[in-house]
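Descriptive analysis of the structure
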Amino acid sequence: MSKKRRNVLDKLNTLFFGKDIRVTEGEPYTEIRDFDFSSYYPEEKYIYNQEPPCENIFDIRDYGADVSNDDNAPFINKAVSDAGKAGGTVLISGGDYISSTVTLKSGVTFFIAKDSSITARIDGNGFEEKQTLIYAENEHDIVFTGGGRLRCNGHLYGRKPVADRNNTSPDKYIDVIEMRRDYRSQLRFPHPSKYGGPVSIKECSNITFDNFIIENSPYWTLKLSNCNNVLIKNFIINNNRNVANADGIDIAGSNNVDIRHCFISTADDGIVIKNAVWLGNNNAMSNIKITGCEIISRTNAVKVGTETTYDINDITIEDCKLFMTDLYPGSVSGISLEACDGTALSNIRIRNITMERCTCPVFIRLANRNRASIVNTQSANAIEFGVEAHKGGEHSKKLFDGKSSVSDIIITDVKAIGVELPVIIAGYKQRGRIKRVENVTLKNIRLEYADIPETVDRRAFIPEYAKEYPEGWRFRNLPAYALWIRHAANISIENFICLHPQKTWKKEIIKEDVI
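From a predicted model like this one, the values you see are computed outputs, not experimental measurements.

**What to know about the overall build of the protein**
If you tally the helices and strands in the protein, you get six helices and 30 strands. The C-alpha radius of gyration of the protein comes to 23 Å, within 12% of the 24 Å expected for a compact globule of 515 residues. The buried share of the protein, reckoned over its 515 residues, is 59%. Taking the intrachain contacts of the protein between residues at least 6 apart in sequence as the baseline, contacts between residues at least 24 apart amount to 80%. Within the structure as shown, the protein displays about 19,800 Å² of accessible surface, and the carbon and sulfur contribution to it stands at 47%. On the protein, the mean spot of the 65 positive side-chain charges and the mean spot of the 67 negative ones are 8 Å from each other.

**Focus: the pattern of salt bridges**
For the structure shown, the criterion picks out 33 salt bridges. The salt bridge involving Asp36 is made with Arg188; its shortest N-O contact spans 2.8 Å. Here Arg188 lies in the loop between α4 (176–185) and β10 (197–202) and Asp36 lies in the loop between α1 (8–17) and α2 (43–46), a separation of 152 residues in the sequence. Judged by its relative accessible area of 1%, Arg188 falls in the buried class.

**A word on the side chain of Ser254**
In this fold, Ser254 is placed in the loop between β14 (249–252) and β15 (255–266). A distance of 3.3 Å separates the side chain of Ser254 from the backbone oxygen of Leu224, its partner in a polar contact. From its side chain, Ser254 meets the backbone nitrogen of Cys227 in a polar contact 2.9 Å long. Not counting residues up to four positions away in its chain, the partners in contact with Ser254 are Leu224, Ser225, Asn226, Cys227, Met285, Ser286 and Ile288.

**Quick notes on α4**
A large share of α4 lies buried, amounting to eight of its 10 residues. All of the buried residues along α4 are Val176, Ile177, Glu178, Met179, Asp182, Tyr183, Arg184 and Ser185. Where α4 begins, the capping side chain belongs to Asp175, and its oxygen is found 3.1 Å from the backbone nitrogen of Ile177.

**Brief notes about the state of the cysteines**
As used here, a disulfide is simply a covalent bond connecting the sulfur atoms of two cysteines. By the definition in use, this model includes zero disulfides. Just so you know, Cys204 is unpaired, no disulfide at all, and the nearest cysteine sulfur is the one on Cys227, 5.1 Å from it. Under the relative-accessibility criterion, Cys204 is labelled buried at 2%.

**Remarks on the environment of Phe400**
By the element assignment, Phe400 lies in the loop between α6 (382–385) and β24 (405–419). Phe400 sits in the buried class, given a relative accessible area of 7%. Once residues within four sequence positions are removed from consideration, Phe400 is found in contact with Val277, Thr309, Tyr310, Asp341, Gly342, Asn368, Asn370, Ala372 and His395.

**Quick word on the layout of surface pockets**
Its boundaries defined by the atoms lining it, the second largest pocket holds a volume of some 650 Å³. In terms of lining, the second largest pocket is formed by 24 residues, of which the most central are Lys130, Gln131, Lys223, Thr377 and Asn381. Those elements that provide at least two residues to the lining of the second largest pocket are β7 (132–137), β10, β12 (222–225) and α5 (377–380). Of all the elements, β10 adds the most residues to the lining of the second largest pocket, at five residues. Residue composition of the lining of the second largest pocket, grouped by class: nine nonpolar, 11 polar and four charged.

**Some thoughts on the pairing of strand β11 (residues 205–215)**
Most of β11 sits out of view: eight of its 11 residues are buried. Pairing analysis gives four bridges linking strand β8 (residues 140–145) to β11, with the strands arranged parallel. Bridge assignment links His140 to a residue of β11, and that residue is Ser205. Examined bridge by bridge, strand β9 (residues 149–151) and β11 share three bridges and lie parallel to one another. The partner of Arg151 across the bridge, within β11, is Glu215. Two strands pair when backbone bridges link them, and β11 and strand β13 (residues 228–238) are joined in this way by nine bridges, in the parallel orientation. Along β13, the bridge assignment pairs Glu215 with Asn238.

**Concerning helix α3 (residues 73–86)**
Counted at 1.5 Å a residue, the expected span for α3 with its 14 residues is 20 Å, and the 20 Å between its end C-alpha atoms agrees. Those residues of α3 that are buried are in contact with β1 (57–59), β2 (89–92), β3 (96–99), β4 (102–103), β5 (109–112) and β6 (117–120). Looking one or two residues beyond α3, the residue adopting positive phi is Gly87, at roughly 60°.

**Some points on the side chain of Arg365**
Along the chain, the position of Arg365 falls in strand β23 (residues 358–366). It turns out Arg365 is buried and unbridged, and the closest side chain with the opposite charge, Glu464, is 5.3 Å from it.

**A word on empty space enclosed by the protein**
According to the stated counting rule, one finds one cavity of 30 Å³ or more in the structure shown. Taken as a whole, the largest cavity spans an internal volume of roughly 30 Å³. Pro361, Val362, Val414, Val423, Leu442, Ile445 and Leu447 are the residues that line the largest cavity. Residue assignment for the lining of the largest cavity shows that the elements contributing at least two residues are β23 and β28 (437–449). The element contributing the most residues to the lining of the largest cavity is β28, with three residues. Within the lining of the largest cavity, the residues separate by chemical class into seven nonpolar, no polar and no charged.

Conventions adopted
- Residues numbered from 1 in each chain as written.
- Predicted model: local features only at pLDDT ≥ 70, side-chain atom pairs only at ≥ 80, totals over all residues.
- Heavy atoms only, no water.
- Helix = DSSP H or I, 4+ residues; strand = E, 2+ residues; numbered from the N terminus.
- Rg over C-alpha atoms; globule rule 2.2 N^0.38 Å.
- Buried < 20%, exposed > 50% of the residue type's maximum accessible area, 1.4 Å probe, protein only.
- Contact = heavy atoms within 4.5 Å.
- Areas by Shrake-Rupley, 256 points an atom, 1.4 Å probe, with all protein chains shown as cover.
- Lys, Arg positive; Asp, Glu negative; His and termini not counted.
- Charge placed at Lys NZ, Arg CZ, Asp CG, Glu CD.
- Salt bridge = Lys/Arg side-chain N within 4 Å of Asp/Glu carboxyl O.
- Polar contact = N/O pair within 3.5 Å; in protein donor to acceptor, adjacent residues only side chain to side chain.
- Disulfide = S-S within 2.5 Å.
- 1 Å grid on protein atoms, 1.4 Å probe; cavity = no way out; pocket = protein on both sides within 12 Å on 5 of 7 lines; lining within 4 Å.
- Points joined across faces, edges and corners; volume = space filled by probe spheres on them.
- Nonpolar A, V, L, I, M, F, W, Y, C, P; charged D, E, K, R; others polar.
- Pairing = 2+ DSSP bridges.
- Expected span 1.5 Å × (residues − 1).

Structure (structure tokens):
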């Protein structure tokens, strides 16, 4: 519970005994709690009535699929195979079909009717090879549509949270240390029975999602790996907001991705743009657009550059609403731009964004964690699926060391209410070396701080945290409420306003080593 002032004993306790909350024992916890799912769910705004085509139809019922079957994957896959040869439509209609992994082929339209769905087997069988419900690799020209849904049973594969119930009320005082503990105590950390995620698309091109729903994911909901030319629109992800690592859309090593008019409500990051060697990515990525989306996330609504070794550039995020309903604390951040493991992150344009209860509205972080030197493909996901992690990194310590950079960021026309942390822009100092975030424009930014008093937490210094996992909460209770900048160059600020309704011990803006 937060309090008015953190004393020396509190600080020592955090320093020496403030271990992360992570549940690692216990059987799966299957209860759905109040507020696990968002009370705001605008399906009618994003999903429309759609009739299937009249010709070249491959109805899974003609292949033996039935709502009473324990596993319809063999029948669905046969329909997919035939439809792929003819460039046809696989029709899923007439109810809910239990299934293990379905593998899609080039030229297939995967049509799930609005009154129908595919549900992942709850016993985990049939997912061992691909670790996903829907899979495609080295294919092209695939369409997901129809207005129906994938039901993914994400709540069945996590352990019981530490907290007895979901928290919907703020503490008496804003205290980032307690905020993080509160959030972590509500999470369902993974049980090794987890089968994987709903959709994994790998090395594919010309992929479309239009009029489609994915519900209750246990892991990354829609994963795009090394893909090209992807359109996602009129699309919903509605997840349990306490299933750990349940991202919304993960764009990994992919180019020319257009995401528009989507609703995403999820536990982990809403939309993530990443490009990592241990994910099998191998080149720079560019041209990602996110437009007209509503995103609810317990962590970061939009995150770019997280856990990334290769370059990312030319990103546009505009006309979006980023927010949190029901639960406390709110989102860790609205938009997070990070380069900590080797990437050069550049040419990012963000405009016309509204935020509500995103604790840190904008987090821009340059650091030098150099994760590829300690993590490999096997160990990166070992904690999720109960497999043994292989020791050793993917590459030598020198390959990506100190290579990260952040530059050329333009952020305009942002309105955020319910803020509990300042906008953060932070480079780093490490081993006598300073690297700065460069060329950032903040224009027409209006923040309204939460009407809650803040815990007084005066600190002698703010650590660099250059090798720690990057997130806005990492810096804890900062001494600024509007804008905190350290190790940066050429930062342009115009019409930046932060309203603070409470009396505060903090300064409005703090700049340290800014040139």
